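An overview of the molecular structure
Listed below, chain by chain, are the residues.
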Amino acid sequence: GQEVSGTLAAVRAYDRQTNRIVDLSREDCAFSYRKSIFNTTARDRYIVLDVTYAFSRDAAPCIEYPDLKRELENVSHPTLIQVRDAVRRLRARKAMLIQEGDPDCRSAGSFFKNPIFSPEAFARLESLAGEPLPRFPAPAGEVKTSAAWLIEHSGIAKGYRHGRAGVSTKHTLALVNTGGATAEELMALAREIRERVEDRYGVRLDIEPVLVA
């Protein structure tokens, strides 16, 4: 239930500039809210190979995400093990764990970022939609909405297929390889989804995974 930056101790990565394997500390990674050197100042430089985490058995469980709160609402003082198990149950229901026999788990996780708007831009988007949109607080007084909602209301449903690539039947933001799909097929599906959302709502969804050419 915690942010990676709170427990990460070190990262081993391939440095594409120097053609070397390097070890980076948590401080080297320069973490902030959903940002690090890997998606900002050194976005195209490193390929992460290995991550080391440091946990404390005495640490208090972190239960901040709404889904996790609901999952544990009947547990008065959850332990770290109970929180871990609850997180795994939530992730499994969204096919975000590798599970034998589940084709929906063959993905890179969430493929699109939830877009963030100024309050004024969000109001215009909601007016265009003609109905209330999911809204969540974001830093600096901005508003975050659901990329999954925008995708589904643009006509792309869970289980949608584009050749051998498709949308997970459990989680709209996950693009899956249904068997033998190429990177080109997956990106063609991603382009179709982005175009549908942009045509309907004027919103250009950002891709979550970093693409390495």
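Here, every reference points to the structure presented above.
Residues numbered from 1 in each chain as written. Predicted model: local features only at pLDDT ≥ 70, side-chain atom pairs only at ≥ 80, totals over all residues. Heavy atoms only, no water.

Our focus in this paragraph is the environment of Ile151. With respect to the helices and strands, the residue Ile151 is situated in helix 6 (residues 147-152). Along the chain, Ile151 and Glu64 lie 87 residues apart, while their C-alpha atoms are 26 Å from each other. With near-sequence residues (within four places) excluded, Ile151 lies in contact with Phe112, Ile156, Thr172, Leu173, Ile193, Val197 and Leu205. (Helix = DSSP H or I, 4+ residues; strand = E, 2+ residues; numbered from the N terminus. Contact = heavy atoms within 4.5 Å.)

Time to look at the sheet that holds strand 2 (residues 20-25). Reading across from one edge, 2-1-3 is the order of the three strands in this open sheet, with antiparallel pairing throughout. With partners counted over all chains shown, the strands left at the sheet margins are strand 2 and strand 3 (46-53), one partner each. When the angles between neighbouring strand axes are averaged without regard to direction, this sheet yields 25°. Across seven bridges, the pairing between strand 1 (residues 8-15) and strand 3 is antiparallel. (Pairing = 2+ DSSP bridges. Axes fitted to C-alpha atoms, helices over the stretch in contact; angles between N-to-C directions.)

In this section: helix 7 (residues 183-201). The terminal C-alpha atoms of helix 7 lie 27 Å apart, and with 19 residues this matches the ideal 27 Å at 1.5 Å per residue to within 8%. Regarding helix 7, the residues found buried are Glu185, Ala188, Leu189, Ala190, Glu192, Ile193, Arg194, Val197 and Tyr201. Residues of helix 7 that are buried in the fold lie against helix 5 (119-129), helix 6, strand 8 (161-162), strand 9 (165-167) and strand 10 (174-177). With its phi angle positive at about 70°, Gly202 sits one or two positions after the end of helix 7. (Expected span 1.5 Å × (residues − 1). Buried < 20%, exposed > 50% of the residue type's maximum accessible area, 1.4 Å probe, protein only.)

Looking now at the sheet that holds strand 5 (residues 116-117). Ordered in space as 5-7-6, the three strands form an open sheet in which the pairing is antiparallel. Either end of the sheet is taken by a strand with one partner, and the two such strands are strand 5 and strand 6 (136-137). The sheet contact formed by strand 6 and strand 7 (residues 143-144) spans two bridges and is antiparallel. Along strand 7, the bridge assignment pairs Pro137 with Val143.

This next bit is on helix 5. Think of an α-helix as 3.6 residues a turn; residues three or four steps apart then line up on the same face. Looking at helix 5, one finds that the buried residues are Ala121, Phe122, Leu125 and Ala129. With its buried residues spanning 100° around the axis, helix 5 presents them on a single face. Among the exposed residues of helix 5, those pointing more than 90 degrees away from its buried face are Glu120, Arg124 and Ser127. Considering only its buried residues, helix 5 is in contact with strand 5, strand 7, helix 6 and helix 7. Remark: Gly130 follows helix 5 within two positions and exhibits a positive phi of approximately 75°. (Arc of directions from axis to C-beta.)

With that settled, the discussion passes to the packing of aromatic side chains. One pass over the full model with this rule turns up four aromatic pairs. When the centroid spacing of 5.3 Å and the interplanar angle of 70° are considered together, the rings of Phe111 and Phe112 count as edge-to-face. Judged by relative accessible area, Phe111 falls into the buried class, the value being 4%. A centroid spacing of 6.0 Å and a plane angle of 50° characterise the contact between Trp149 and Tyr201, whose relative ring orientation is tilted. Residue Trp149 is found in helix 6, and its partner Tyr201 is found in helix 7; the two are separated by 52 residues along the sequence. Looking at Tyr201, the relative accessible area reads 5%, which means it is buried. (Phe/Tyr/Trp six-rings, centres within 6.5 Å; stacked < 30°, edge-to-face > 60°.)

Quick look at the pairing of strand 1 now. Where strand 1 and strand 2 come together, six bridges link them in antiparallel fashion. When the sheet's bridge partners are listed, Ala10 is paired in strand 2 with Ser25. Where strand 1 hands over to strand 2, the hairpin turn is made up of four residues, of which Asn19 adopts a positive phi near 60°.

Applying the stated rule across the entire model yields 13 salt bridges. With a closest N to O distance of 3.1 Å, Lys170 and Asp102 form a salt bridge. Of this pair, Lys170 sits in the loop between strand 9 and strand 10 while Asp102 sits in the loop between helix 4 (80-93) and strand 4 (107-110), and the two are 68 residues apart along the sequence. Owing to a relative accessible area of 33%, Lys170 belongs among the partly exposed residues under this scheme. You can call Asp102 buried: its relative accessible area is 12%. Residues Arg164 and Glu185 are paired through a salt bridge, measuring 2.9 Å at the closest nitrogen-oxygen approach. With a gap of 21 residues between them, Arg164 in the loop between strand 8 and strand 9 and Glu185 in helix 7 connect regions that are remote in the sequence. Beyond isolated ion pairs, a larger network of salt bridges with shared partners links Asp67, Arg70 and Lys94. (Salt bridge = Lys/Arg side-chain N within 4 Å of Asp/Glu carboxyl O.)

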